[in-house]
Structure formats: structure tokens, C-alpha cells
Amino acid sequence: MIRSLRAIRIDGKRQLYALLLVAADAASLVASVVVAHLLRFEGVPWRVNYGLHIRPHLVSSSLAIGLYLTVFAFFRLYKCAWRFAGLEILSGVIWANTAGVAGLIALQVALDGSTFARSVLVVLWVASIIMVGGLRLVLRVVSIARKSGRLKMRGIGTGDGRKRAVIVGAGNCGVRTLKAIQYDSSLQYNIVGFLDDDPGKQGMYISNIKVVGPPGLVKELARKRAIDEVIVAVQEVGRNGVH
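This paragraph deals with the overall build of the protein. Scanning the protein from terminus to terminus reveals seven helices and five strands. When contacts within the protein are restricted to residue pairs at least 6 apart in sequence, those whose partners lie at least 24 apart make up 72%. Total accessible area computed for the protein in this model is approximately 15000 Å², and 62% of it derives from carbon and sulfur atoms.

What follows is the structure, encoded as C-alpha cells:
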């Protein structure tokens, strides 16, 4: 029952954050339209600029914002673990804004018979990528900072209830596993070392975690270091794998 209530609270927070992000995206798109016209028609009074270039497309532009947000959702810009966000999110932002501009043009042609000036559309495309992408960059930084703060609190003392574990595999999979554990407070592990059959990695440190030896040492390490769990983070376990 307690877990169910906790899950409901977590889902409620996620939905609230998603709605706030949708609202922020909508505001960013409106700001992009304004910035694009101010830059393109520099020196023209805003009232004149609005009356000549924006007001005739007010309905189509409003519908386009809804289309933009739908495209953003299709590209999963509202479902992301921000601390792990990388180039795939940037790619999604670029493609989503490109599709959004195409939809805006289609709506304006269909409803208004004309579109924003081409230079305005180009600036709008760039500005929306910067604003929408920048917002997600801020989310990533904030998420990492929050997780780092929690990790520091968790690191105080040794009797914190975390399971002592060793990671088998010091390659890309192992490093990603370590990062996930370090940045996710729900993963209650204290990683004491890596095991890898590559002699060139043995003795090295990865994020301050030592590669203590080959996987065959797992039993000895478990006995000497009181290991609770072994996390296998390799694509395949070779002949000299875990015994």
C-alpha cells in the first residue's frame, strides 16, 4: 500500500513536470516568433510589425504551436531521464523543430494563403532550437546537480544500508552501469571495484573505482571484501568468465 501511494505521488510529479515543460515550450515558441520578427524587421515599431506580419497569421500560428507540441511529444521530448540526456535529445529537438516549421508553413498556406517571410522562418527555426534545446540543457544540469547533492549526503558514513557490489566488465557497458548507479539514488549499491579480463585495464581506476583483476577473482573478492552482489555489465562472458 505504501509503495502504491509512493508510485502515485511519483507519477503525479512526473505529470506535473511534463505539463510545466509543455507550457515552457509553448512560451519558447511564442518568444521565438517575436524574436524572429524583431530581428527581421529591426527598427519597425512593434505595433506596426505585429499588425502587418503577425496578426494576419494569428490563427494559423496558434494552431501551429499545438502542432509543434504534438511533434515534440512524438520525438519523446517530454519523456527523458534528463541526467542521461545526450546527443539523441539534441537530434530530437532539431528534427522536431524542423517538422514544426514545415507544419507551420503548411497551415499558413492552407488557412492564410501566405506565410511568414522566409528569413523570419529561418530565424524562427534557429531560435526555437536554441530555446527548446537550451531548456533541456538546463534540465540536465539541474538533474545532475540534484543527484550529485543526494550522492554526497548518501556518502556520509559507511553504515548506509547499501549493498556492496562489484561490476564485471570495465568497458562501455560497465562504465554506463557505474554512472547509472552513481546518479540514481534509488539504486542502493556501493561499488567496490571492477573485474575485467583485459590485462591493460587491471589496476586502473574508472571514476575512482579500481579494476581489481579478472572475473575469475569474484569468489576471492566476495570473501575478502564482503561483496553482496555481482553486477554483470558485459555483452558476452568469455571462457574465463564468472565462476
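Another aspect to go through is a nonpolar patch on the surface. A surface patch of nonpolar side chains, about 640 Å² in accessible area, is lined by Leu87, Leu90, Ile94, Val122, Trp125, Val126 and Ile130. Of all the secondary-structure elements, those providing two or more residues to the nonpolar patch are helix H4 (87–112) and helix H5 (118–154). Broken down by element, the residue count for the nonpolar patch peaks at four residues, all from H5. When its relative accessible area of 32% is taken as the criterion, Trp125 is described as partly exposed.

We now examine the pattern of salt bridges. Summed over all chains, the structure comprises three salt bridges. Between Asp25 and Arg136 there is a salt bridge; the shortest N-O distance is 2.7 Å. Placement of the pair is Asp25 in helix H1 (residues 2–40) and Arg136 in helix H5, with a sequence separation of 111 residues. Grouping residues by exposure puts Asp25 and Arg136 together as buried.

The next subject is the sheet that holds strand S3 (residues 205–206). Strands sit in the order S3-S4-S2-S1-S5 across an open sheet of five strands; the sheet is mixed. Sheet topology places S3 and strand S5 (229–232) at the edges, where each strand pairs with a single neighbour. Bridging between strand S2 (residues 189–195) and strand S4 (residues 209–213) involves two bridges; their strand directions are parallel. Its bridge partner lying in S4, Phe194 is registered against Val211. Each of strand S1 (163–168), S2, S3, S4 and S5 touches helix H6 (residues 172–183); the most contacted strand, S2, lies at about 165° to it. Helix-sheet contacts for helix H7 (residues 218–225) involve S1, S2, S4 and S5, and the interaxial angle to S2 is about 140°.

To continue, consider the packing of aromatic side chains. Enumeration according to the criterion identifies three aromatic pairs in this entry. Ring geometry for Trp46 versus Tyr50: centroids 6.1 Å apart, planes at 40°, classification tilted. Placement of the pair is Trp46 and Tyr50 together in helix H2 (residues 46–54), with a separation of four residues, close to one helical turn. Ring geometry for Phe74 and Phe75: centres 5.5 Å apart, planes at 85°, overall edge-to-face. Note on Phe74: relative accessible area 66%, which makes it exposed.

Taken N-terminus to C-terminus, the directions of helix H3 (residues 58–74) and H4 make an angle of 150°; their axes are 9 Å apart at the nearest point. In terms of axis orientation, H3 runs roughly antiparallel to H4. Crossing hand, H3 versus H4: right-handed. Taking contact as the criterion, the partners of Ser60, Ser61, Leu63, Ala64, Leu67, Tyr68, Val71 and Phe72 in H3 are, on H4, Ala96, Asn97, Ala99, Gly100, Val101, Gly103, Leu104, Leu107, Gln108, Leu111 and Asp112. Residue composition of the contact of H3 with H4, grouped by class: twelve nonpolar, six polar and one charged.

This brings us to the environment of Ala110. Looking at the secondary structure, you find Ala110 in helix H4. Measuring from C-alpha to C-alpha, the distance between Ala110 and Ser60 comes to 8.8 Å, with 50 residues separating the pair along the chain.

Within the fold, Ile167 resides in strand S1. Overall, the relative accessible area of 0% leaves Ile167 in the buried class. Setting aside chain neighbours within four positions, we find Ile167 in contact with Gly174, Thr177, Leu178, Ile191, Gly193, Phe194, Leu195, Ile231 and Ala233.

Here we come to the side chain of His37. Mapping His37 onto the fold places it in helix H1. Setting aside residues no more than four positions away along its own chain, His37 makes contact with Asn49, His53, Ile54, Phe116 and Val120.

Of all seven residues that make up S2, five are buried, and the element is covered over most of its length. In this sheet, S2 lies alongside S1 in parallel orientation, the contact comprising six bridges. Across the sheet, the residue bridging to Ile167 is Phe194, located in S2. Following the backbone out of S1, through H6 and into the adjacent parallel S2, one traces a crossover that is right-handed.

The rules behind these values
- Residues numbered from 1 in each chain as written.
- Predicted model: local features only at pLDDT ≥ 70, side-chain atom pairs only at ≥ 80, totals over all residues.
- Heavy atoms only, no water.
- Helix = DSSP H or I, 4+ residues; strand = E, 2+ residues; numbered from the N terminus.
- Contact = heavy atoms within 4.5 Å.
- Areas by Shrake-Rupley, 256 points an atom, 1.4 Å probe, with all protein chains shown as cover.
- Patch = residues over 30% accessible without salt bridge, like charges linked within 9 Å, V, L, I, M, F, W, Y side chains within 5 Å.
- Salt bridge = Lys/Arg side-chain N within 4 Å of Asp/Glu carboxyl O.
- Buried < 20%, exposed > 50% of the residue type's maximum accessible area, 1.4 Å probe, protein only.
- Pairing = 2+ DSSP bridges.
- Axes fitted to C-alpha atoms, helices over the stretch in contact; angles between N-to-C directions.
- Phe/Tyr/Trp six-rings, centres within 6.5 Å; stacked < 30°, edge-to-face > 60°.
- Parallel < 35°, antiparallel > 145°, perpendicular 65-115°, else oblique.
- Left-handed = near helix turned anticlockwise from the far one by under 90°.
- Nonpolar A, V, L, I, M, F, W, Y, C, P; charged D, E, K, R; others polar.
- Right-handed = clockwise from strand over helix to strand, strands pointing away.

No statement about biological role is implied by the geometric values presented.
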